[in-house]
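# Structure at a glance
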Amino acid sequence: MVKTKQSDKTEDESSNYLPLFMQKDYHNQNSTEQDDEEVSDYRRALPQIIAVNIQNLLQFGYGMTQGFPTIAIPAIQSSLDSSAIKLDKEAISWLSSINLICMPLGCLFSGMFAQYLGKRRAMQLINLPMLAAWLLFHYASCTEHMYVALCFVGIGGGLMEAAVITYVAEITDPKYRGMFSALATTCVSLGVFTEFLLGSLLHWRTVAIVSTVIPLFSMAMLCFVPESPVWLIRERRFFDAVKALQWLRGWVPEQKVEAEFKQLYDELITQKSARKSDDVRESSIMLKKKLHMWRKRSFIVPFLLVLLTFFICHFSGKTPIRSYAVLIFATLKAPIDENNATILLGISELIATILGALFIHSTGKRPLVFISMLGTGVCILGVAIYAHSMNILEMTVIGVKNEAINSSMIVLEKNMSQLLNSSALLEGEVLRAEIATTEINVVSEIALGFSYLEWIPLILVLFAAFFANLGIRMIPWVLIGEVFPADIRSSASGFAGCMGYLFGFMANKLFLVMITAMTLPVAFTFYASVSFIGIIILYFTLPETEGRTLGEIEAHFSKKTDANLFRKRKSENVSQDDSELINIVQIN
């Protein structure tokens, strides 16, 4: 009797931490009346917009850290800068790449970090290394301080991957998920562009201290958004999970989220409990189960797909164009100043990411990616043909061998060449006075023709950056949050992000080597061929995940459903058979 009373007491206490519809004494009396209350699309989408934009403050801040070395290195080297920091070629090389080396390290631990602490708390703590980096940038008195700050940036950016990407995938409706995931790329581009603008107005140390506002603001604002319901259910915090769903679905009563909660509960708890062994050594079994998940088709196939999209993204020319923009514009003899051309490049990327985020919901991912890759390939091939016709085989020599390119050196060399050209023109005035009028007209016509031709590579490079950011640049990061099984989504996302950064690092480091070994036209033809071949491969391998639930996507990769994921589902039919398909998914 005593044991029975004690068990009844514990059941009563635990019921206080369950949502109403999971408690034993709950009767479905008022649910019909509350279910009749219509929730508008705007009211349902608004809290998701708020939550996604607050977490995107992290992406915006990360973009600012990516743009900071671009403005700091030329300023430190400038004779007008009174900084005690001295930079040689080796130091510039490390300042350009050390964060890329540290990012994979952060990515490897990002999954465990997010899974242990929860997505929201992890995102809050990630702001701390970013804040420390900005303070180190501001107070740096030697090169080593800059190195340490960039290490913080790399590790923080890597730790951010799993938490940010999976949080968006787990809190949003399927019909909004693609658009909200694509906004992350837009915020990174906006952060880079903002840093460029600040750098043109303020001293680089002032820019660093101003930038500390972003991580502080992000940390504070994340207190007002809920934790991921998926993470809460997996932690068996059912009451908190329902409260999070109520907030995210338009601040609705519990009955409005009952169906969605039960669907998630069935996917994350019921199916796994039904298959759980009664062995006493449950922890060792769970470890083996986790390891087994990494060998299953439901992980291997989407992981290979993400790797493929990362490879195409970086080796179709997108990454080298951004990293070596000033050098490329100088080599192709852009008709405007290289720094101004780089600003135009940033604007084209920003516009493309905004358009991609807006169109991904209506067009779906597949058409957007194919248009993006086709446009990128055609523009890059056009640059290769132009370089071949003009006999531009190598990059402009500016005194840096196989290392990061210093934009200030390029500008200085360009200005010197302009001064020499102007002096030559002054001397030529006397000579031209002795030339016949007809010959002058012929020369001017030829010069005019060449001035028009000089705009061709600039326009092609700008459009290549536009098309790349329209689809193929953002698609790997969107897929990371959608394609992996729920059990290992956080850790698999971190591992895939790690591989993505390694591909980016390789693309940057191999660029100058490829130009030297293969000449510029051949290297750009290789980048274009990656885009064209990638279109063919992705046509047969890339599913249309827009408007699909995470359960449907997992079922597709597990080959446990016959649903056709190679075409976009109409938005009004998204939720008709979700509960039926979710029962197909079995998480071993």
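You'll find the structure just up there.
Residues numbered from 1 in each chain as written. Predicted model: local features only at pLDDT ≥ 70, side-chain atom pairs only at ≥ 80, totals over all residues. Heavy atoms only, no water.

Bringing the pattern of salt bridges into the picture now. A full pass over the atoms with the stated rule returns 8 salt bridges. Across the pair E170 and K119 runs a salt bridge whose closest N-O atoms are separated by 3.0 Å. With a gap of 51 residues between them, E170 in helix 6 (residues 143–171) and K119 in helix 5 (residues 119–139) connect regions that are remote in the sequence. Assigned by exposure class, E170 and K119 land together as buried. Two residues, E260 and R249, come together in a salt bridge whose shortest N-O distance is 2.8 Å. Placement of E260 in helix 12 (residues 254–274) and of R249 in the loop between helix 11 (238–248) and helix 12 is noted, with a sequence separation of 11 residues between them. Residue classification places E260 among the partly exposed positions, given a relative accessible area of 23%. (Salt bridge = Lys/Arg side-chain N within 4 Å of Asp/Glu carboxyl O. Helix = DSSP H or I, 4+ residues; strand = E, 2+ residues; numbered from the N terminus. Buried < 20%, exposed > 50% of the residue type's maximum accessible area, 1.4 Å probe, protein only.)

Tracing the chain through its elements places L131 in helix 5. For the pair L131 and G156, spaced 25 residues apart in the sequence, the C-alpha separation amounts to 9.9 Å. Leaving out residues up to four positions away in the same chain, L131 has contacts with T212, P215 and L216. (Contact = heavy atoms within 4.5 Å.)

Turning our attention to unusual backbone geometry. At N391, a residue that is not glycine, the phi angle is positive and equals roughly 60°. Along the chain, N391 falls in the loop between helix 17 (365–389) and helix 18 (407–432). Not every positive phi belongs to a glycine, and T519 is a case in point at roughly 70°. Note that T519 resides in the loop between helix 21 (489–518) and helix 22 (520–541). Exposure remark for T519: the relative accessible area of 26% places this residue in the partly exposed category.

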